[in-house]
Amino acid sequence: MHVIDNGKSSVGERQRTAAPQRYSEELLTFLRSGWAERSERTPVPIEQSACTAKRRQALSAAFPGERLVIPAGTAKTRVNDVKFGFRPSSEYVYLTGDRTEGAVLVLEPTPAGGHDERLYLQPGTSPDSREFWAPGHGELEGGRRRSLAEAAGELGVATGDIGRLAADLREAVAARPEVPSRMLRGHDVVPDALLAELEPDRLAAREGGEPTAAEARDRELKAHLAGARLVKDAWEIEQVRRACASTMRGFDDVVAELDQAIAVGERWVEGTFWRRARADGNDVGYSSVCAAGAHACSLHWVRNDGPLRPGELLLLDAGVETDTFYTADVTRTFPISGTFTAIQRKVYNAVHDALEAAIAAVEPGARFRAYHEAAERTLAERLVAWGLLDGPVDRVLERGLSRRYTLHGAGHMLGLDVHDCSGAPRADYVDGVLEPGMVLTVEPGLYFQPGDLTVPAEYRGIGVRIEDDVLVTEEGSENLTAALPCGAGEVENWVRSRRRGN
Ligand code: GLY
Ligand code: MN
Ligand code: MN
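Note that the coordinates shown come from a computational prediction; the quantities given were computed from them, not determined experimentally.

Novice: Teacher, can you tell me more about the coordination of the manganese ion (ligand 2) here?
Specialist: Put simply, the ideal angle at a metal is 109.5 degrees for four donors in tetrahedral geometry and 90 or 180 degrees for six donors in octahedral geometry. Around the manganese ion (ligand 2), the donor atoms from the protein are Asp 317 (OD), Asp 317 (OD), Asp 329 (OD) and Glu 467 (OE), and they sit 2.0 to 2.4 Å away. Taken as a pair, the manganese ion (ligand 2) and the manganese ion (ligand 3) show a spacing of 3.3 Å, with Asp 329 coordinating each metal. In this pair, Asp 317 is assigned in strand β10 (residues 313-318) and Glu 467 in the loop between β15 (462-465) and β16 (468-472), connecting sequence segments 150 residues apart. As far as burial versus exposure is concerned, Asp 317 and Glu 467 are alike and both buried.

Novice: Explain the coordination of the manganese ion (ligand 3) here, please?
Specialist: Looking at the manganese ion (ligand 3), the protein donor atoms are Asp 329 (OD), His 412 (NE2), Glu 443 (OE) and Glu 467 (OE), and they sit 2.1 to 2.2 Å from it. Counting residues between consecutive donors of the manganese ion (ligand 3) along the chain gives the motif D-x82-H-x30-E-x23-E.

Novice: Explanation requested: the site of ligand 1 in the structure shown.
Specialist: For ligand 1, the full set of nearby residues is Tyr 286, Asp 317, Asp 329, His 412, His 419, Glu 443 and Glu 467. One nitrogen or oxygen atom from the side chain of His 412 is found 3.0 Å from an oxygen atom belonging to ligand 1. Within the side chain of His 419, one N or O atom sits 2.7 Å away from an oxygen atom of ligand 1. Taken by itself ligand 1 offers 190 Å² of open surface, and the protein chains cover 83% of this. A breakdown of the residues in the shell around ligand 1 according to their chemical character gives one nonpolar, two polar and four charged.

Novice: I tried to follow the packing of helix α12 (residues 342-360) against helix α13 (residues 368-385) on my own but got confused; where do I start?
Specialist: The description of two packed helices rests on the angle between their axes and on the distance between the axes. At a closest axis distance of 8 Å, the pairing of α12 and α13 adopts a crossing angle of 150 degrees. Relative to α13, the element α12 lies roughly antiparallel. The two elements α12 and α13 cross, and the hand of that crossing is right-handed. Contacts from Asn 349, Ala 350, Val 351, Asp 353, Ala 354, Ala 357 and Ala 358 of α12 reach α13 at Tyr 371, Ala 374, Ala 375, Thr 378, Leu 379 and Arg 382. Among the residues forming the contact of α12 with α13, the class breakdown is nine nonpolar, two polar and two charged.

Novice: Would you mind showing me how to read the sheet that holds β10 here?
Specialist: Spatially, three strands are ordered β9-β10-β12 in an open sheet, and the strand pairing comes out antiparallel. A single partner strand is all that each edge strand has here, and the edge strands are β9 (289-292) and β12 (330-335). Across this sheet, the average inter-strand angle for adjacent strands is 10 degrees, counted without regard to direction. Sheet contacts for helix α9 (residues 234-256): β10 and β12; angle to β12, the most-contacted strand, approximately 20 degrees.

Novice: Sorry if this is basic, but what is going on with the state of the cysteines here?
Specialist: A covalent bond between the sulfur atoms of two cysteines is referred to as a disulfide. In this structure the tally under the stated criterion is zero disulfides. Free cysteine: Cys 421, not disulfide-bonded; nearest cysteine sulfur from Cys 244 at 15 Å.

Novice: Explain the sheet that holds strand β4 (residues 104-109) to me, please; I cannot follow it from the model alone.
Specialist: Pairing between sheet strands relies on hydrogen bonds along the backbone, with the strands arranged either parallel or antiparallel. On the basis of which strands lie adjacent, the open sheet formed by five strands has the order β6-β5-β4-β1-β7 and mixed pairing. Among the strands making up the open sheet, the edge pair consists of β6 (159-161) and β7 (181-183). Direction aside, neighbouring strands of the sheet carry axes that sit 25 degrees apart on average. Where strand β1 (residues 67-71) and β7 come together, three bridges link them in parallel fashion. Within β7, the position partnered with Arg 67 by the bridge is Ser 181. Across the sheet, helix α2 (residues 49-62) touches β1, β4 and β5 (115-121), and the angle it forms with β4 is around 45 degrees. Its contacts with the sheet put helix α5 (residues 148-155) on β5 and β6, and the angle it makes with β6 is roughly 155 degrees.

Novice: Got a minute to help me understand the nonpolar core in this structure?
Specialist: Burial of nonpolar side chains together is a common tendency in soluble globular proteins. Leu 446 and Phe 448 are the most contacted members of the largest nonpolar core, which has 110 residues in total. Setting aside chain neighbours within four positions, we find Leu 446 in contact with Val 347, Ala 350, Val 351, Leu 379, Leu 383, Trp 386, Tyr 405, Thr 406, Ile 462, Gly 463 and Val 464. Grouped together as the second largest cluster of nonpolar side chains are 13 residues, Val 106, Tyr 120, Ala 166 and Leu 194 included.

Novice: Is there a simple way to think about the UniProt feature "domain: Aminopeptidase P N-terminal" (unreviewed entry) in the chain in this case?
Specialist: In the numbering adopted here, UniProt assigns the feature "domain: Aminopeptidase P N-terminal" (unreviewed entry) to residues 46-188. Secondary structure within residues 46-188 divides into 31% helix and 20% strand; the distance between the first and last C-alpha atoms comes to 25 Å.

Novice: When you look at the pattern of salt bridges in this model, what are you seeing that I'm missing?
Specialist: Note that side chains of opposite charge can pair when their charged atoms are close. In this structure the tally under the stated criterion is 44 salt bridges. Glu 91 is paired through a salt bridge with Lys 222; the nearest N and O atoms lie 3.2 Å apart. Here Glu 91 is found in helix α3 (residues 90-96), whereas its partner Lys 222 is found in helix α8 (residues 213-228), with 131 residues between them in sequence. Using a relative accessible area of 8% as the deciding quantity, one classes Glu 91 as buried. Each of Arg 185, Glu 199, Asp 201, Arg 202, Arg 217 and Asp 218 takes part in salt bridges that share partners, so that together they form one network.

Criteria and thresholds
- All residue numbers refer to positions counted from 1 along the written sequence of the respective chain.
- Each chain gets a letter, beginning with A, and each ligand a number, beginning with 1, in the order they are written.
- With the structure being a predicted model, the display of local features is reserved for residues of pLDDT at least 70 and the display and counting of side-chain atom pairs for 80 or more, all residues being used for whole-chain, interface and lining totals.
- Side-chain figures throughout are based on the complete set of non-hydrogen atoms in the structure, without hydrogens or water.
- Coordinating donors are taken as N, O and S atoms within 2.8 Å of the metal, stretched to 3.2 Å for Na, K and Ca; because water is absent from the atoms, sites can appear incomplete.
- Only runs of H or I of at least four residues qualify as helices and only runs of E of at least two qualify as strands under DSSP, and these elements are numbered from the N terminus.
- Three labels apply to residues, based on accessible area from a 1.4 Å probe with only protein chains included: buried if under 20% of the type maximum, exposed if over 50%, partly exposed otherwise in between.
- Nearness of a residue to a molecule or strand requires only that one of the residue's heavy atoms be within 4 Å of it.
- Whenever a nitrogen or oxygen atom comes within 3.5 Å of another N or O atom, the pair is scored as a polar contact, on the condition that within protein one atom can donate a hydrogen and the other can accept it, and that pairs from neighbouring residues in sequence are kept only if both atoms are in side chains.
- Surface accessibility in these figures is a Shrake-Rupley result with a 1.4 Å probe; residues are shielded only by whichever protein chains are displayed.
- Note that Gly is not counted as nonpolar here; it falls among the polar residues with everything else outside the nonpolar set of Ala, Val, Leu, Ile, Met, Phe, Trp, Tyr, Cys and Pro and the charged set of Asp, Glu, Lys and Arg.
- Here an angle of 0 to 180 degrees is reported between the N-to-C directions of two axes, which are lines fitted to C-alpha atoms, with helices fitted over the stretch in contact.
- For classification, angles of less than 35 degrees are called roughly parallel, those exceeding 145 degrees roughly antiparallel, those between 65 and 115 degrees roughly perpendicular, and all remaining angles oblique.
- Put simply, a crossing is left-handed when the front helix is turned counterclockwise from the back one by less than a right angle, and right-handed when it is turned clockwise.
- Contact between two residues is taken to exist if any of their heavy atoms lie within 4.5 Å; hydrogens are not considered.
- For two strands to be treated as a pair, DSSP must find no fewer than two bridges joining them.
- When two cysteine sulfur atoms lie within 2.5 Å, the pair is treated as a disulfide.
- Think of a nonpolar core as a cluster: buried Ala, Val, Leu, Ile, Met, Phe, Trp, Tyr and Cys residues, connected wherever their side-chain atoms sit within 4.5 Å.
- UniProt positions are given in the numbering used here, feature names are shortened, and annotations may be inferred rather than shown by experiment.
- Note on definitions: salt bridges are taken to be side-chain nitrogens of Lys or Arg within 4 Å of carboxyl oxygens of Asp or Glu.

Structure, rendered in structure tokens:
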């Protein structure tokens with residue numbers, strides 16, 4: 001599994017590695033010979049290539065006369081030469097539909113206006129080349145790579161060898177030093193370092209805590225791309241629908257395996273959902289929260305190493321990410337035994353009412369905050385009615401007192417990222433209004449911490465969240481996860497019937 005690497009790398013150049021020296025000359029000669037010629041494949045264009053071309057055109061129009069650099073990123077190291085799984089940057093996926101590690105999209109402005117586009121990536125190599133055997137990134141280890149022509153045919157964009165990136169950028173900067181660059185920084189050290197070398201203003205020190213001019217340019221690019229993703233096109237909406245469909249199957253898998261989960265614990269829930277994510281899609285879209293009992297009160301419970309006890313609730317917050325990298329984000333809270341206790345049902349019904357009130361507030365033209373306010377008001381009303389907070393409700397809401405038990409807002413945009421578009425301008429997102437084509441989560445919750453002495457003991461350790469994924473339509477909204485049981489009785493029937501093997 002481990003090939004000795006005696007190569008070297010330099011800024012701006014992808015690592016090129018000499019063949020391991022422990023190989024004898026005879027072995028090297030042997031390895032380089034006797035291979036069938038590498039055959040070119042007929043590329044099959046990706047179905048979204050028209051969409052990605054349109055997005056690049058829009059980006060070009062937004063930044064005329066500027067160089068734009070969007071890296072796919074590289075896998076993070078887990079330990080030594082072992083990497084975590086690679087997932088390309090969402091901005092890169094949005095603009096290319098591609099998933100190649102280490103690739104870099106460059107939009108070079110042309111004097112006549114518009115941009116020349118080029119996607120730099122590592123091309124396929126033949127087995128008699130040194131590169132084929134290169135430790136760490138050669139095709140011998142990682143599998144066949146596309147040729148540049150194959151990649152261009154699939155993606156509908158001009159391609160170039162990543163080994164030419166540094167030279168091409170140097171030439172471009174030397175020819176027109178006045179052209180400013182914007183890049184998505186922080187994804188790949190190679191283009192980061194390369195642009196820092198080529199554009200001296202990237203090395204300028206901050207003054208008074210203010211971002212430098214280069215930082216400001218890069219931030220604007222990132223914010224622009226986040227804002228551009230707020231309204232999904234028809235192809236993207238189809239991807240989210242697919243993610244939701246797979247996610248609902250994953251939830252059903254978990255309910256069907258509750259007996260095994262009781263025997264093993266939260267780990268079984270996590271593994272069961274993950275199996276569905278890998279079978280149907282690329283992965284989970286975020287770390288699944290498989291929280292039984294009081295773990296549900298920890299919003300980011302991802303250790304998932306506790307037991308499942310009949311009589312308690314299981315909160316599962318999970319989403320399948322499609323092979324095209326769009327994710328769902330769904331939560332259901334089930335009674336592990338199949339029946340809610342009276343207090344569990346009371347809390348569950350309050351959250352369910354908040355969900356319905358919030359979804360009713362999702363429509364085009366409504367403020368983004370409106371559905372959050374609808375959910376919070378419903379929950380505040382219950383908390384006051386139950387005697388947990390002193391009313392009136394308006395006072396509770398004005399002072400935000402209910403947040404002790406509701407903990408979080410009622411949702412966020414959803415798409416390529418689970419918290420999609422989070423860097424979009426506030427005026428367009430949190431302070432903006434809903435438009436058809438936006439996809440968002442609606443996810444009210446109530447959480448009574450095990451040690452919360454402000455509530456009677458019977459509430460403590462109960463955490464309930466219900467989360468659906470909702471598309472804003474011309475007429476109002478469409479709940480994309482409505483097919484998943486949601487009301488208290490529906491959830492009970494679901495658990496009981498699936499555990500009987502139906
Ligand atoms: N699963 C993360 C969230 O619900 O926002
Ligand atoms: Mn969630
Ligand atoms: Mn969410």
